[in-house]
Amino acid sequence: MAEVKETELEVAFKLFDQDKDGLVTTEELKMLIEKVGGCMSEGEARGMIRQANKDRSGGIDYSEFRKLWAIVRGEEEDELEIREEFRRLDLDKNGFITKEEMLAVISGCDYFVSDKLVEAQKCIADLDVDQDGQVSYPEFILVWKYRKQ
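Here the structure is a predicted model, which is why all the values come from computation and not from measurement.

Rules behind the numbers
- Chains are numbered independently. Their residues run from 1 in the order of the written sequence.
- The predicted nature of this model means local features are confined to residues of pLDDT at least 70 and side-chain atom pairs, given and counted, to a pLDDT of 80 or more, with totals for whole chains, interfaces and linings taken over all residues.
- Side-chain measures were taken over the full set of non-hydrogen atoms in the model, leaving aside hydrogen atoms and water.
- Put simply, DSSP marks the helices as runs of H or I at least four residues long and the strands as runs of E at least two long, and each gets a number from the N terminus on.
- Atoms counted for the radius of gyration: C-alpha only. Globule rule: 2.2 Å times residue count to the power 0.38.
- Partly exposed residues are those whose accessible area sits between 20% and 50% of the maximum for their type, while under 20% is buried and over 50% is exposed, using a 1.4 Å probe and protein chains only.
- We call two residues contacting when some pair of their heavy atoms lies within 4.5 Å.
- Values of accessible area rely on a 1.4 Å probe in the Shrake-Rupley scheme; residue burial ignores everything except the protein chains shown.
- Note that His is not counted, nor are the chain ends; the positive residues are Lys and Arg, and the negative ones are Asp and Glu.
- Charge placement uses NZ in Lys and CZ in Arg. For Asp and Glu, CG and CD serve respectively.
- Nine residue types can take part in a nonpolar core, namely buried Ala, Val, Leu, Ile, Met, Phe, Trp, Tyr and Cys, and a core is a set of them joined through side-chain atoms within 4.5 Å.
- Here a helix's expected span is defined as the number of its residues, less one, multiplied by 1.5 Å.
- Comment: arc refers to directions from the helix axis out to C-beta atoms.

What follows is about the overall build of the chain. Looking only at helices and strands, the chain features eight helices and two strands. Counting from the amino terminus, helix and strand elements in the chain follow one another as α-α-α-α-α-β-α-α-β-α. Computed over C-alpha atoms, the radius of gyration of the chain comes to 16 Å, within 12% of the 15 Å expected from 2.2 N^0.38 for 149 residues, which places it in the range of a compact globule. Along the first, second and third principal axes, the C-alpha atoms of the chain reach 50 × 25 × 25 Å. Across the 149 residues that make up the chain, the buried fraction comes to 44%. Within the chain, contacts between residues at least 6 apart in sequence are counted, and of these 52% link residues at least 24 apart. Carbon and sulfur atoms form 52% of the exposed surface of the chain, whose accessible area is close to 8,300 Å². Of the charged side chains in the chain, 22 are positive and 35 negative; the average position of the first set lies 2 Å away from that of the second.

Below is the structure:
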């Protein structure tokens, strides 16, 4: 499994811990997957939490989160492909994709025929789960892997 940077882990944990109580629960996992346009059953969410929950408390604290994040990211080959696509879009390599970076990528692409600024804004809005105006790698991989096509 590819090594995960601590900053990526922190960003991902904040995304998952929606009520900011320091624990990721089955309900929060399901809600996040639904927020990105996917669907996860109660059993699937419970199973993922159970695999990472060392102390059997029912929630994942930050010290246990690395395991959950590895489970969510999935197989290394798939994850490497997704990470490479993220890097291609993150032009300044700061770990976030902005509207300006998306516009720069779209401007060089013949696929988009309408207003490219509108398309860039739409792409960022579709990927920006926490609505902070930029897309982190955790948001990117969650949408990539869990959004229903």
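What follows covers the nonpolar core. Counting 40 residues, the largest nonpolar core has Phe16, Phe65, Leu68, Trp69, Met102 and Leu142 as its most contacted members. Per-element tally for this core: the top contributor is helix H8 (residues 137–146), with six residues. Beyond its immediate chain neighbours, meaning those up to four positions away, Leu68 contacts Val24, Met48, Ile49, Ala52 and Ile60.

Here we come to helix H7 (residues 116–127). When the terminal C-alpha atoms of H7 are compared, their 17 Å separation across 12 residues agrees well with the 16 Å that a helix rising 1.5 Å per residue should span. Of all the residues in H7, the buried ones are Glu119, Ala120, Cys123, Ile124 and Leu127. The arc that holds the buried residues of H7, viewed along the axis, is 135 degrees, so those residues lie on one side. In the core, the buried residues of H7 are packed alongside strand S1 (96–98), helix H6 (99–107), strand S2 (134–136) and H8.

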